[in-house]
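Now for the letters of each chain:
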Amino acid sequence: MFNRILIANRGEIALRILRCCREMGIEAIVVYSEADRDSLPVMEAADAICIGPATASASYLNEDIIIQAALQKGCDAIHPGYGFLSENADFARKCEENGIVFIGPSADIISRMGDKQAARKLMMENNIPVVPGSKELLNTTEEAVAMAEKIGYPVMLKASAGGGGKGMRQAFNAEEVKSAFETARAEARAAFGNDDMYMEKLIVDPHHIEFQILADKAGNTIYLGERNCSLQKNHQKLLEESPSSIIDEKLRKEMGETAVRAAKAAGYFNAGTIEFILDGSGNYYFIEMNTRIQVEHPVTEEITGIDLIREQIRIACGMNLSLKQEDVKIQRHAIECRINALTPGKVEFVHFPSGYGVRIESHLYSGYEVSPYYDSMIAKVIVTGKTRLETVRRLRRVLEEIVIDGIKTNYDLMYLLSYHPEFLRGNYTTGFWEAHHKQLEDWLTEGLKNNEA
């Protein structure tokens, strides 16, 4: 087992990994930017090292300085968490070249699956259902229009190196394809330094369903159920839950086994996520693979009792999976709600509730300064129950009790969402936010006026 791991991340995920290392008897070293000098991970770690100024490009995305820090501290491995360098093949390769274990898949696998068009092509070759679309990259607007005419409108233009909703545009006719192609391409070039584009048939208002997989280096691969991630705003997830109300046991088994086949086709090892979209007729299609731990991984941990970070570390150390497919049992319901800061600033006071079936993942404390330099997510509320209704009621109770003074957050809006009839029915799609956000915002405005009165 590793003696010392460098955690190349910040915030709640750095704390999550740090706590797991402590439980496993592994010394953990945390890197931090100047803006995070007084952060909880720095306070909690056995040792911490400053890697640069506040901007991510000069600190958490600085591959060479992180490698240097790991070597300086005598670390056996680096855990990248999610975001930042977690899906960066060049960084994984530099780790390998310097004799440091990258806790994740190999650089070659990250490259293979990080190129979304190449991943689509690989899935096609292995009879994994994909959304109808281009098999090769699109180089010109003329090629894009011709492909749209071939597969039929509406279509979605996507950046091959994209992620986080960037480099994606919908188009409903030829003129929109021309405009969308150039706009998405420019956005992808600015965000990822890569403007390769491809096209898919746009499945209108699908369900976004992802399957958590674990695979060791011996080829043992299992799936740990699904997560419904359809509640999104601008392609950014707001809430995730499992199991999904729209999937029965037969479909769950079929999709899970397809996810395993997809992972094996990529030669995958470590924790990963196979993402599908599911249409109203029960047809599902592969859209991408995330070659890292996900923000919403606690949902799966809560319903299965499996520590995914621990399994990641064990696999990276060369150990086989500690369980088989038949050992995976799902007997509870779990929901994760993301709490985002709407403004930066000082947190004057924070209170997170507890109680049966409640898990809070956060790096906040009273007096903490929320920085404008990083992602706006400041906490994750994870609740579990015997049934979905019990879990929703527990979520409401927790959101009622949360106090975060000094900055504006979205938890009031998320509380109102938990009462929306379509959410309560459990059959919501990715079109939920666009269809209902005005109603939710009106409810919020009305509630604030009543409180002032």
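Presented here is a report on the structure given in the accompanying data block. Note that the structure is a prediction, hence the values are computed from the model and not measured. In this convention, every chain numbers its residues from 1, walking through the sequence in written order. For a predicted model such as this one, the threshold for reporting local features is a pLDDT of at least 70, and the threshold for listing and counting side-chain atom pairs is 80 or more; totals across whole chains, interfaces and linings nevertheless cover every residue. Just so you know, side-chain values use all the structure's heavy atoms and leave hydrogens and water out.

Helix and strand labels come from DSSP, where a helix needs a run of H or I of at least four residues and a strand needs a run of E of at least two; each type is numbered from the N terminus. Scanning the chain from N- to C-terminus turns up 15 helices and 20 strands. The size measure is the radius of gyration over C-alpha atoms, and the globule rule it meets is 2.2 Å times the number of residues to the 0.38 power. For the chain, whose C-alpha radius of gyration is 22 Å, the value lies close to the compact-globule estimate of 22 Å for 453 residues. If you line up the chain on its principal axes, its C-alpha atoms span 65 × 60 × 45 Å. The classification of residues rests on relative accessible area computed with a 1.4 Å probe and restricted to protein chains. Under 20% of the type maximum is buried, over 50% is exposed, and intermediate values are partly exposed. The proportion of buried residues among the 453 residues of the chain is 57%. Looking at the chain alone, contacts between residues at least 24 apart form 64% of all its contacts between residues at least 6 apart. Areas reported as accessible are Shrake-Rupley estimates using a 1.4 Å probe. Residue values count occlusion only from the protein chains shown. Of the roughly 18,600 Å² that the chain leaves accessible, carbon and sulfur atoms contribute 46%. On the chain, the mean spot of the 51 positive side-chain charges and the mean spot of the 65 negative ones are 3 Å from each other. Contact definition: two residues touch when any of their heavy atoms are within 4.5 Å. Charged residues are defined here as Lys and Arg on the positive side and Asp and Glu on the negative side; His and the ends of the chain fall outside this count. A single reference atom marks each charge: NZ on Lys, CZ on Arg, CG on Asp, CD on Glu.

What follows deals with the sheet that holds strand 9 (residues 207-215). By definition, two strands form a pair when at least two bridges between them are found by DSSP. The antiparallel open sheet is built from 8 strands, whose spatial order is 13-12-9-10-11-14-19-17. Looking along the sheet, the strands with just one partner apiece sit at the ends: strand 13 (284-290) and strand 17 (358-362). Within this sheet the neighbouring strands show an average axis-to-axis angle of 25 degrees, counted without direction. With 9 bridges joining them, strand 9 and strand 12 (residues 270-278) adopt antiparallel strand pairing. Bridged to His207 within strand 12 is Leu278. For every element, the axis is a line fit to its C-alpha atoms; helices are fit only across the contacting stretch, and the angle between N-to-C directions ranges from 0 to 180 degrees. Against the sheet, helix 10 (residues 297-304) contacts strand 9, strand 10 (221-233), strand 11 (236-242), strand 14 (333-340), strand 17 and strand 19 (377-385), and its axis sits at roughly 155 degrees relative to strand 14.

A pairing counts as a salt bridge when a side-chain nitrogen of Lys or Arg comes within 4 Å of a carboxyl oxygen of Asp or Glu. Under the definition given, this model contains 37 salt bridges. With a closest N to O distance of 3.0 Å, Arg189 and Asp195 form a salt bridge. Between Glu390 and Arg394 there is a salt bridge; the shortest N-O distance is 3.8 Å. One end of the pair, Glu390, and the other, Arg394, are both in helix 12 (residues 388-401), 4 residues apart, so they sit about a helical turn from each other. Here Arg394 falls in the buried class, since its relative accessible area comes to 16%. The network of salt bridges with shared partners includes Glu210, Arg227, Lys237, Glu240, Glu275, Glu296 and Arg338.

In this structure, Glu422 sits in helix 14 (residues 421-425). What makes Glu422 buried here is its relative accessible area of 18%. With 10 residues separating them along the chain, Glu422 and Phe432 place their C-alpha atoms 8.3 Å apart. Polar contact is defined as a pair of N or O atoms within 3.5 Å, subject to the rule that within protein one atom must be able to donate a hydrogen and the other to accept it, and that residues adjacent in sequence are counted only when both atoms are side-chain atoms. Within the structure, the side chain of Glu422 is placed 2.8 Å from the side chain of His436, a separation counted as a polar contact.

Here the focus is the packing of helix 1 (residues 11-24) against helix 11 (residues 308-316). Contact geometry for helix 1 and helix 11: axes closest at 9 Å, N-to-C directions at 65 degrees. It follows from the interaxial angle that helix 1 and helix 11 lie roughly perpendicular. Classified by chirality, the crossing of helix 11 by helix 1 is right-handed. Between helix 1, through Arg16, Ile17, Cys20, Cys21, Glu23 and Met24, and helix 11, the contact on the second element is made entirely by Leu308, Ile309, Arg310, Ile313 and Arg314. Across the contact of helix 1 with helix 11, the residue classes break down as 7 nonpolar, no polar and 4 charged. Here the word oblique covers every angle except those under 35 degrees (roughly parallel), over 145 (roughly antiparallel) and from 65 to 115 (roughly perpendicular). For any helix crossing, the convention is left-handed if the near helix is rotated counterclockwise from the far helix by under a right angle, and right-handed if that rotation is clockwise. Gly counts as polar in this scheme, as do all residues outside two lists: the nonpolar Ala, Val, Leu, Ile, Met, Phe, Trp, Tyr, Cys and Pro, and the charged Asp, Glu, Lys and Arg.

Our next topic: the packing of aromatic side chains. A pair of Phe, Tyr and Trp rings is counted when the ring centres sit within 6.5 Å of each other, with Trp represented by its six-membered ring. The angle between the planes then sorts it: under 30 degrees is stacked, over 60 is edge-to-face, the rest tilted. Applying the stated rule across the entire model yields 11 aromatic pairs. Each ring, one from Phe91 and one from Phe102, has its centre 6.1 Å from the other, and the planes form 80 degrees; the classification is edge-to-face. Of this pair, Phe91 sits in helix 4 (residues 89-97) while Phe102 sits in strand 5 (residues 101-102), and the two are 11 residues apart along the sequence. As far as burial versus exposure is concerned, Phe91 and Phe102 are alike and both buried. Here Phe276 and Tyr284 contribute two aromatic rings whose centre-to-centre distance is 5.5 Å and whose plane-to-plane angle is 85 degrees, an arrangement assigned as edge-to-face.

Attention shifts here to the sheet that holds strand 2 (residues 27-32). Across the sheet, which stays open at both edges, the 5 strands sit in the order 3-2-1-4-5 with parallel pairing between neighbours. The sheet is open, and its two edges are formed by strand 3 (47-50) and strand 5, each paired on a single side. Alignment of strand 1 (residues 4-7) against strand 2, held across 4 bridges, turns out to be parallel. When the sheet's bridge partners are listed, Ile7 is paired in strand 2 with Val30. Sitting on the sheet, helix 3 (residues 63-72) is in contact with strand 1, strand 2, strand 3 and strand 4 (77-79), with an inclination near 130 degrees to strand 4.

Listed as buried for helix 6 (residues 116-125) are Lys116, Gln117, Ala119, Arg120, Leu122 and Met123. Residues of helix 6 that are buried in the fold lie against helix 5 (107-114), strand 6 (155-163), strand 8 (197-201), helix 9 (249-265) and strand 13. N-cap assignment for helix 6: the residue whose side-chain oxygen lies 3.2 Å from the backbone N of Gln117 is Asp115. Trailing helix 6 by a residue or two, Asn127 shows a phi angle of about 60 degrees, which is positive.

As used here, the term nonpolar core means buried Ala, Val, Leu, Ile, Met, Phe, Trp, Tyr and Cys residues forming a set that is joined through side-chain atoms within 4.5 Å. Counting residues in each nonpolar core, the largest one holds 35 residues, and the members touching the most others are Ile5, Leu214 and Ile313. Taken together, the elements giving at least two residues each to this core come down to strand 1, helix 1, strand 2, strand 10 and helix 11. With 8 residues, the top contributor of residues to this core is helix 1. Apart from residues no more than four positions distant in its own chain, Leu214 is found in contact with Asn220, Thr221, Ile222, Leu224, Asn270, Ala271, Ile306, Leu308, Glu311, Ile315 and Leu321. Counting residues in hydrophobic clusters, the runner-up holds 34 residues, among them Ile335, Ala341, Val381 and Leu395.

Turning to the environment of Glu254, a few remarks are in order. If you trace the backbone, Glu254 turns up in helix 9. Through-space distance from the C-alpha of Glu254 to that of Thr343 is 43 Å; in sequence the pair is 89 residues apart.

A few words on unusual backbone geometry. Note the cis peptide between Tyr153 and Pro154, where omega equals -5 degrees. Here Pro154 is to be found in the loop between helix 7 (141-151) and strand 6. A positive phi angle, near 60 degrees, is found at Asn127, a position not held by glycine. In this fold, Asn127 is placed in the loop between helix 6 and helix 7. Phi is positive for His235, which is not a glycine, with a value near 70 degrees. In this structure, His235 sits in the loop between strand 10 and strand 11. For His235, a relative accessible area of 38% corresponds to the partly exposed category.

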